[in-house]
Amino acid sequence: MSGNITFTIIKPFAVSNGYIGPILNKIHQGGFRISAMRMLWLTRGEAERFYEVHEERPFYKDLVEFMTSGPIVVAILKKENAVEDYRKLIGATDPEKAEEGTIRKEFAESMRANAVHGSDSDDNAKIEGSFFFSGLQQF
Ligand code: ATP
Ligand code: MG
């Protein structure tokens, strides 16, 4: 059975371009409820830890560099079938391949500055959510 939470990050470029509001609006329109949310600036160590699964990928260093380049917004989102539905709402990793109307199509600049993160499984949604939020901070 699929879970009802996913985890998202509004990435640095989207935050500095003023897209927090428009992206949250898409999230709301998509039928998600915000369970937890906060703005923060990741340290290098925190970003390296969060993206540890990508450690061996060629873009790892670049990704950590970008994710620590400015403040981000992290949030836990609730909806039935949250992981799959949110990945549909955000679109393909490469914004040039993202479908019309998706968050990445509208707000991403590039593969690196692709506006948002979305969990890729129920297990990772839980791990990523609890990386940033305690149980007391989730509503
Ligand atoms: P996310 O995990 O951020 O939701 P994703 O699951 O679509 O994105 P992953 O394969 O998990 O994509 O890659 C994590 C992030 O690393 C991507 O969102 C993107 O910003 C960056 N990335 C992935 N592939 C590349 C690449 N070839 N060049 C530069 N950056 C990349
Ligand atoms: Mg991913």
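Coordinates for the structure precede this section.
As the structure is a prediction and not an experimental result, all values here were calculated from the model.

A.B. asks: Break down the overall build of the protein for me, with residues and values.
C.D. replies: The helix and strand inventory of the protein stands at 7 helices and 4 strands. Starting at the N terminus and ending at the C terminus, the protein contains elements arranged as β-α-α-β-α-α-β-α-α-β-α. Relative to its length of 139 residues, the protein is compact, with a C-alpha radius of gyration of 14 Å against a globular reference of 14 Å. Based on the C-alpha atoms only, the size of the protein along its principal axes is roughly 35 × 35 × 30 Å. The buried share of the protein, reckoned over its 139 residues, is 43%. Carbon and sulfur atoms make up 51% of the accessible area of the protein, which amounts to about 7,700 Å² in all. In the protein, 17 positive and 20 negative side-chain charges are present, and the distance between their average locations comes to 3 Å.

A.B. asks: Outline unusual backbone geometry, supporting the account with residue identities and numerical values.
C.D. replies: Backbone geometry places Asn 81, a non-glycine residue, at a positive phi of 55°. Looking at the element boundaries, Asn 81 is found in the loop between β3 (72-78) and α5 (82-90). Here Ala 115, not a glycine, exhibits a phi torsion of approximately 75°, which is positive. Position of Ala 115 relative to the elements: it lies in the loop between α6 (103-107) and β4 (116-118).

A.B. asks: Explain the environment of His 54 to me, and be specific about the residues and the numbers.
C.D. replies: Along the chain, His 54 falls in the loop between α3 (44-50) and α4 (60-67). According to the relative accessible area criterion, His 54 is partly exposed, its value standing at 21%. For the pair His 54 and Ile 9, spaced 45 residues apart in sequence, the C-alpha separation works out to 16 Å. Beyond its immediate chain neighbours, meaning those up to four positions away, His 54 contacts Phe 59, Tyr 60 and Leu 63.

A.B. asks: Would you mind going over the pattern of salt bridges in detail, with residue names and values included?
C.D. replies: This structure, assessed with the given rule, holds 6 salt bridges. One salt bridge connects Lys 79 with Asp 85, and the closest N-O pair in it is separated by 2.6 Å. Classification of Lys 79 by relative accessible area gives partly exposed; the value is 23%.

A.B. asks: Give me the lowdown on the sheet that holds strand β1 (residues 5-10), citing residues and values where you can.
C.D. replies: Pairing is antiparallel in the open sheet, where 4 strands are placed in the order β2-β3-β1-β4. A strand with exactly one partner marks an edge of an open sheet, and here the two such strands are β2 (33-40) and β4. Each strand axis lies, on average, 15° off the axis of its neighbour in the sheet, ignoring direction. Two elements, β1 and β4, share 3 bridges in a ladder whose sense is antiparallel. What sits directly across from Ile 9, in β4, is His 117. Those strands touched by helix α7 (residues 122-132) are β1, β2, β3 and β4, and its axis lies near 55° from that of β1.

So, how was this worked out
- Residues numbered from 1 in each chain as written.
- Chains lettered and ligands numbered in written order.
- Predicted model: local features only at pLDDT ≥ 70, side-chain atom pairs only at ≥ 80, totals over all residues.
- Heavy atoms only, no water.
- Helix = DSSP H or I, 4+ residues; strand = E, 2+ residues; numbered from the N terminus.
- Rg over C-alpha atoms; globule rule 2.2 N^0.38 Å.
- Buried < 20%, exposed > 50% of the residue type's maximum accessible area, 1.4 Å probe, protein only.
- Areas by Shrake-Rupley, 256 points an atom, 1.4 Å probe, with all protein chains shown as cover.
- Lys, Arg positive; Asp, Glu negative; His and termini not counted.
- Charge placed at Lys NZ, Arg CZ, Asp CG, Glu CD.
- Contact = heavy atoms within 4.5 Å.
- Salt bridge = Lys/Arg side-chain N within 4 Å of Asp/Glu carboxyl O.
- Pairing = 2+ DSSP bridges.
- Axes fitted to C-alpha atoms, helices over the stretch in contact; angles between N-to-C directions.

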